[in-house]
Amino acid sequence: MSAKVILKKARDKSLLRRHPWIFSNGVERVEGNPEQGSTVEVYSKEGKWLGRGAYSPQSQIRVRIWTFDQQETIDLAFFQRRLARCQAGREHVIEQCGLTGYRLVAGESDGLPGITIDRFNNVLVCQILSAGAEAQRHLLIEALQLQFPQLTIYERSDVEVRKKEGLTPTAGLIHGELPPQPMTFMENGLKLLVDVEKGHKTGAYIDQRDNRAIAAKYVKDKRVLNCFSYTGGFGTYALRAGAAEVINADVSAPALALAQKTAELNQLDLSKLNNVEADVFKLLRQYRDNKEQFDVIILDPPKFADNKAQLVGACRGYKDINMVAMQCIKPGGILLTYSCSGLMDAPLFQKIVADAALDAGRDGQIVEKLTQAADHPIGCAYPEGFYLKGLVVRVW
Ligand code: SAH
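Residues numbered from 1 in each chain as written. Predicted model: local features only at pLDDT ≥ 70, side-chain atom pairs only at ≥ 80, totals over all residues. Heavy atoms only, no water.

K.L.:
An account of the packing of aromatic side chains is requested, with residue identities and associated values reported.
P.N.:
Applying the stated rule across the entire model yields 13 aromatic pairs. Look at Trp66 and Phe78: their rings are 6.0 Å apart centre to centre, the planes differ by 80 degrees, and that puts the pair in the edge-to-face class. In this pair, Trp66 sits in strand E6 (residues 61-67) while Phe78 sits in helix H2 (residues 76-97), placing the two residues 12 residues apart along the sequence. Like Trp66, the residue Phe78 is buried in the burial classification. (Phe/Tyr/Trp six-rings, centres within 6.5 Å; stacked < 30°, edge-to-face > 60°. Helix = DSSP H or I, 4+ residues; strand = E, 2+ residues; numbered from the N terminus. Buried < 20%, exposed > 50% of the residue type's maximum accessible area, 1.4 Å probe, protein only.)

Quick look at the structure:
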């Protein structure tokens, strides 16, 4: 008999709306002795069955629901069904963008809480992030092998969030052979490079794919500064689209080396490309103080807030770089600015960008509102799945 988790009065509301998380303070009592990650039955205070999920005794997110269907058991077939749905839901974007790199599984938004899987060519890169996902890892891997028998499976669960679940970070080969890294994958007709062993997260930021294509609309014959460039994604698109000059700026020398290689691989005009290893906060100030001006600036910083306590500091950081960037933009030029901090919602981000324009003494007009690529869906019941926000701002 599975253990039971009984919720406090009125704490069933979010589950009835199929939100997959139960916070520790919503739990009235636990019947039985569930182990870390084991499957529990969730009931309302009144005794109504609500869902079947994974128990995580060390996390504030005490239960993550696997299924809202009482008939559905959490077995190999469950993972096979979910994975098949994930693949089916990506076919359109794979085809439209000619992708060999895409997000196959986007965690809660795909009904697979705590699991992220990106595919690059014949390699599946998995992140197993919650106690429940960890407890089911063998079924998940078996289901992946059945659905994709030819593919290599590589794990990149070397992330801090695992600690919140009482797990240690881990990484390494699970199945098959890993081709030499970095490797080339295709996106919108460009060859991009990914290093799934040493790269950030699963190796590449494919959530920005559509936004790179959008950025390309603004860059012909323009001087472009690509801040927080990583391996140069936006810069590569900009060069192809006929930018007069592209500067990629990042603190990571290995990432910039890949940016250079990517431009070579795509036979782009290297004389127009400059890769600058620098702290963007300082670099932007230098440009401003030297009165350097750009037609287009891209700001795609890392996540500034991991928790609510960091949000105020994060707001300051976003406002600062957006303000200085606007001061470096020619009148009528374009700022493409992003936030991947899930805790910062779109209205707050827009307000920060508005404040930055005020402080920069510039008039801004939002001309496009942007989001994450279609292979990073947002579960309707799981608004937290919306994390990447962007604005295209014309700066006068
Ligand atoms: N725009 C990229 C993804 C950016 S991820 C793409 O489309 O692929 C964020 C990047 O910011 C990382 O490459 C990280 O090395 C870099 N970074 C973090 N802090 C930085 C800082 N202070 N100055 C410059 N780069 C920084």
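K.L.:
So what's going on with the site of the ligand? Which residues, and what values?
P.N.:
Close to the ligand lie 16 residues, the nearest being Arg212, Phe228, Asp250, Val280 and Asp300. Contact between the ligand and Phe228: a nitrogen atom at 3.1 Å from a main-chain N or O atom of the residue. Here a nitrogen atom of the ligand sits 2.6 Å away from a polar atom, N or O, in the side chain of Asp300. When the ligand is considered free in solution it has 580 Å² of accessible area, and contact with the protein chains removes 90% of it. Tallied by class, residues from the shell around the ligand come to 9 nonpolar, 3 polar and 4 charged. (Near = heavy atom within 4 Å. Polar contact = N/O pair within 3.5 Å; in protein donor to acceptor, adjacent residues only side chain to side chain. Areas by Shrake-Rupley, 256 points an atom, 1.4 Å probe, with all protein chains shown as cover. Nonpolar A, V, L, I, M, F, W, Y, C, P; charged D, E, K, R; others polar.)

K.L.:
Summarise the environment of Gln208; cite the residues concerned and give the values.
P.N.:
Among the structural elements, Gln208 can be located in the loop between strand E13 (190-194) and helix H6 (209-216). Beyond its immediate chain neighbours, meaning those up to four positions away, Gln208 contacts Phe234, Asp300, Tyr338 and Leu388. For Gln208, the side chain forms a polar contact with the side chain of Asp300, separated by 3.0 Å. (Contact = heavy atoms within 4.5 Å.)

K.L.:
Describe in detail the packing of helix H9 (residues 280-289) against helix H10 (residues 311-327), supporting the description with residues and values.
P.N.:
Where H9 contacts H10, the axes come no closer than 9 Å and their chain directions differ by 30 degrees. Classed by the angle they form, the pair H9 and H10 counts as roughly parallel. Classified by chirality, the crossing of H10 by H9 is left-handed. Contacts from Phe281, Leu284, Arg285 and Arg288 of H9 reach H10 at Gly317, Asp320, Ile321, Met323, Val324, Ala325 and Gln327. Partitioned by chemical class, the residues of the contact of H9 with H10 number 6 nonpolar, 2 polar and 3 charged. (Axes fitted to C-alpha atoms, helices over the stretch in contact; angles between N-to-C directions. Parallel < 35°, antiparallel > 145°, perpendicular 65-115°, else oblique. Left-handed = near helix turned anticlockwise from the far one by under 90°.)

K.L.:
Outline the sheet that holds strand E3 (residues 27-31), listing residues and values.
P.N.:
On the basis of which strands lie adjacent, the open sheet formed by 6 strands has the order E2-E6-E5-E4-E1-E3 and mixed pairing. The sheet terminates laterally at strand E2 (21-23) and E3, the two strands that pair on one side only. Neighbour-to-neighbour, the strand axes of the sheet open up by a mean angle of 35 degrees, direction not taken into account. Here E2 pairs with E6 via 3 bridges, running antiparallel. (Pairing = 2+ DSSP bridges.)

K.L.:
An account of the side chain of Glu165 is requested, with residue identities and associated values reported.
P.N.:
Its place among the elements puts Glu165 in the loop between helix H5 (161-164) and strand E11 (170-175). At 2.8 Å, the side chain of Glu165 forms a polar contact with the side chain of Arg64. Not counting residues up to four positions away in its chain, the partners in contact with Glu165 are Gln36, Ser56, Gln58, Ser59, Arg64, Leu129, Ser130 and Ala131.

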